[in-house]
Structure formats: C-alpha cells, structure tokens
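Structural features, examined
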Amino acid sequence: MNFLENLSATWAKFVTPVNVTFMLKAACISVGIAVAALFFGTILGVLGAAGRISRNKVIRGLASVYVEVIRGTPMMLQILFFYLGVPSIVRAVTGSPWNPSVYLIGVVAMSINSGAYSTELIRSAIQAVDQGQWEASETLGLSYGKMMRFIILPQAFKRIIPPLVSEFITLIKDSSLLSTIGVVELLQSAKTLGANYYSYVTPLLMASVVYLTLTLTISRFSRKLEERMALSD
Amino acid sequence: MISLKNVTKQFGSLTAVDNASLKVEKGEIICLIGPSGSGKSTLLRCIAGLERPESGEVYIDGELLDLGTKDTKKLERQRIKMGFVFQHFNLFPHMTVLENLTLAPIEVLGMDKAAAEQRAAELLARVGLADKRDAYPAKLSGGQKQRVAIARSLCMDPEIMLFDEPTSALDPEMVGEVLDVMKELAQAGMTMVLVTHEMGFAREVATKVIFLADGKILEENSPAELFQNPQNPRLQDFLSKVL
Ligand SMILES: Nc1ncnc2c1ncn2[C@@H]1O[C@H](COP(=O)(O)OP(=O)(O)OP(=O)(O)O)[C@@H](O)[C@H]1O
Ligand SMILES: [Mg+2]
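Residues numbered from 1 in each chain as written. Chains lettered and ligands numbered in written order. Predicted model: local features only at pLDDT ≥ 70, side-chain atom pairs only at ≥ 80, totals over all residues. Heavy atoms only, no water.

Concerning the interface of chain A and chain B
- Contacts between the two partners involve 17 residues from chain A, matched on the other side by 21 residues from chain B.
- For the pair chain A and chain B, the summed buried surface comes to about 1700 Å²; carbon and sulfur atoms form 62% of the total.
- Applying the counting rule to chain A against chain B returns 3 salt bridges.
- Taken together, chain A and chain B are joined by 6 residue pairs in polar contact (both at pLDDT 80 or more).
- Those elements that provide at least two residues to the side of chain A that touches chain B are α6 (131-139) and α7 (144-174) of chain A. (Contact = heavy atoms within 4.5 Å. Buried area = accessible area lost by both parts, 1.4 Å probe. Salt bridge = Lys/Arg side-chain N within 4 Å of Asp/Glu carboxyl O. Polar contact = N/O pair within 3.5 Å; in protein donor to acceptor, adjacent residues only side chain to side chain. Helix = DSSP H or I, 4+ residues; strand = E, 2+ residues; numbered from the N terminus.)

Section: helix α6 (residues 172-187) of chain B
Residue and element names in this part refer to chain B.
- Between the first and last C-alpha of α6 there are 24 Å, a value that for 16 residues agrees with the 22 Å anticipated at 1.5 Å per step.
- Every buried residue belonging to α6 is among Met174, Val175, Val178, Leu179, Val181, Met182, Leu185 and Ala186, and all of these are buried. Projected down its long axis, α6 shows its buried positions confined to an angular sector of 155°, all on one face. Opposite the packed face of α6, turned more than 90 degrees from it, sit the exposed residues Glu173 and Gln187.
- Buried residues belonging to α6 abut β3 (29-33), α4 (113-126), α5 (142-154), β7 (160-164), β8 (191-195) and α7 (199-205).
- Just downstream of α6 lies glycine 189, where phi reads positive at about 95°. (Expected span 1.5 Å × (residues − 1). Buried < 20%, exposed > 50% of the residue type's maximum accessible area, 1.4 Å probe, protein only. Arc of directions from axis to C-beta.)

Observations concerning the pairing of β7 of chain B
Residue and element names in this part refer to chain B.
- Counting buried positions along β7 yields 5 of 5 residues, so the element is predominantly enclosed.
- Side chains Ile160, Leu162 and Asp164 project from β7 onto one buried face, and the interleaved Met161 and Phe163 project onto a second face that is buried too.
- Of the strand pairs in this sheet, strand β6 (residues 82-85) and β7 are connected by 4 bridges, and their pairing is parallel. From the neighbouring strand, valine 85 faces β7, where its bridge partner is phenylalanine 163.
- Relative to β8, β7 runs parallel, the two being bridged by 5 bridges. Among the inter-strand pairings, aspartate 164 is bridged to a residue of β8, identified as valine 195. (Pairing = 2+ DSSP bridges.)

Right, dumping it as structure tokens:
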C-alpha cells in the first residue's frame, strides 16, 4: 500500500502539464528526426540499390563499400564521427571553424546509416522480382529505365514497404543515441526531468510509454497496410 | 531472316549449345525437338538475345545481334522484330490483361493509347479472350494466360514468333486451346520457331524439324522425312521413346 501511494505521489509530481509538454515536444523531435532520416535514407537506398545492381564494376564496388562500412560499424561511432570527426576535418581542410547544429548532424548521420540498410532491402526486393519479368520486358523492347519504372519497381514496392516500416521503428528508437551529443529528443527529455528531480524511474517509464505508443501504432498501421496490399494481389 | 553461325553457349564448364548453325526463312515454321537438357531453350534464347553466346553470331535480317553494344536503340529495334512466348507466360501480374497488351506498343512503339487499345482488343478477340480485357492475370487459367501472352507478343507486330514449350506448364485439357491459336497463326503465315514436346503438332504444322542432343544439331529435315525416316541413332532412340 505504502509503495503504491509512494508511486502515485511521484507520478503526480512528474505528470504536470509543463513536464508532459516538454516530453511530447521532445517526442516530436525524435519522430521528426526519424522521418527525415527515413526520407533521405530511402533516397540513398534507391541510389545505393541502383549502384549495387549496376553493370559498372566501380559503381558496384563503391555501393558495396558504403553498405559494408555502415552496417559493420556501430551507429554510436558513426554519430560521434559526424559530431567530433567531421567538423575537425572540415576545419583542417578549409581552415575556418565549422559548428553545425547537433540536429543537422543527427539527421545526416542517421540518414547515412539508414541509407545503407535501405540499400540492401531495396536491392533484395528488386532482385526478388521473378527473372521472367525482366526477360519478358526485354523481349518486348522496353528500355532499362522503362522496365524499372513500369515492371520491376511496382512489383518490388510491395516488398519494400513492410521492411521500410520496421526501419522507421528502428530509427525512432535509435534516435535516442543522439541524446549523447545533446539533441533534446525523447530519451534526453527523460534524463533532463530525472536530473531535475533527482529521480529517474518515473521519467524513464514515461518515456517508455511514449516510445511504445509510437512503435505500436506504427506497426499496427503497417499490418493494416499489408492486409490491404495482400487483398489487391 | 534469321541466321545463326557457329553459335556456342556455355554455362561454366557445361556446353549447352555446341557450334550450332541455322537459318530461318520467312514463312518457315521450325520445331526444335530433343531430350531434356539438350539445349533447345538455350538455342532459342540465343536467337531472342536473352543469352549471350560465347562464340558465333546471330544475325537478324542480316544485321548482327550484338548484346554488348552501346547502341541500345538498335538492340531494341532488333529485339522487337521477335516475339517470345515463355513456358511460364511471364505476364505482368500488377497489370490488367489490357495493360499487359498495350504497355509496350505505347512505351516502345510510341502508339497512342486509343490505337493501342483498339489493336489489343482485336488481338484478344483473335485468341478468344475479348471478355478478359479488364481481368488480372491471377484470375486466368493457364491456357488463358498463355493466350494472353501470345496476344501480348503479337501486339508488337513481330516478324517472327519464338515459343519455348508454350504448353508444357499447362494442364492437359488446356493444351488444345493454345495449340489452336498457334495453328491459326501458322496458317496466317507467321514465321515461327518453337521448342515443343508436342510431336503431333510438329508433324502437322512444322515446315522443318530440328533434332538437338548435347547442344548439337544432329538432324534437320521435313517433318515427314524426319519422323518416318530418322537417320541419326540418337534421334531413332529419342523417337522410339516419345512417339
Ligand atoms: N542459366 C543456366 N545456368 C546454368 N546452366 C544452365 C542454364 N540454363 C540452362 N543450363 C543448362 O544447359 C543445358 C541445356 O539447357 P536447356 O534449358 O537449353 O535444355 P532444354 O533442351 O531446353 O531442356 P528441357 O527440355 O528440359 O527444357 C542443361 O544442362 C541445363 O542444365
Ligand atoms: Mg527448355
């Protein structure tokens, strides 16, 4: 009883309009960064996938190096590289200091990271389209670009959507890594509240509730979408 | 119209087509027969430009078919002289029958949509599927799919039609409807090269039958001669098994 009273007392202490607004704003930052990273990552992914299946050896090689380097190193390291490494490289090259916002750094680092994963999932979706579809397009005289546009990509698209939604969920969760470079996203807001009250359990639980609401909503939406697409088959 | 000069196609250490030479004249109907794995499909795919031979040349109307060329326009122009019908149809599943038929005429030949649809409707009627224009391929039977695939090739107005075992993936009761469409095409004077296990069809419709084994052309003759009077022991053996 005592414990429960205690809990509801701390809960009441934390769940004030000011604190909740603070946390929800931070949640918007998390989602915003994830949306931006998904958007730019998908563009990088389309380019990367085109590179991975290119007939040009050099382009193919570059695309593979990109994918392997990004997927083979921790995301935390990549974020720190853009936060600490890139500005000093720019300073060394140009001679003048460069201090981009941590939000920009966050979006860039996460887009580049996401792009590598998207490259692989887009490439595999394209290559999973039946060989016969490529051959039929070829014998009908469709150029490579038209074949991609009318035949291959529309069929690959269905396979791209579900993993892209999981990628989005991953990005929302991984954007919490940006708290270490000072981005005030959802996890950072929980840490800040915790520091204000010298108590971390409740704010971390609050952040968990927000994360779960986001991720569960998105995966529910994704299941609905998959059902609808299955119907149109 | 088409000629192959000493075409050899290898897959790793396996020689699928071994030094094959062949001429196809306008109006001819050539059937390729032979045991499984003898290289019939590979030979046909070399003609269509779907496989790139290691050595030898394929000429379409006297012009070399060069798959490595930078001149992709020329390659496309050569490719659309030939229609190809696949064993597994390869219809575009995300498009209706009508869209399957009009895509290439619109995008490749530059026809306007109304004209392409008009022509598609005529060809669908010709293969007996006028009522299926708005259906998706998944809703069609195997025989109907193959007839749509034939109509799709015809929409490009090819000079020659290539068929790779067009009836092998069909339930027996649907083989006839597809063969009928092919017979009708033959009677209309279409030049055709086809790989088939339908010996009755070869005997009845072909102007020439070619027997392959181990990637080599071992015998070629009129159907009457080839079936009645086979010379090569491999062919005699093959015919004794299939007839
Ligand atoms: N893409 C490929 N990669 C490797 N080997 C292949 C490939 N395509 C065909 N082959 C091989 O080449 C040989 C000839 O094959 P092909 O398909 O031309 O024979 P086929 O006469 O059409 O046989 P079937 O009657 O079974 O269709 C076979 O041994 C086959 O396994
Ligand atoms: Mg075959």
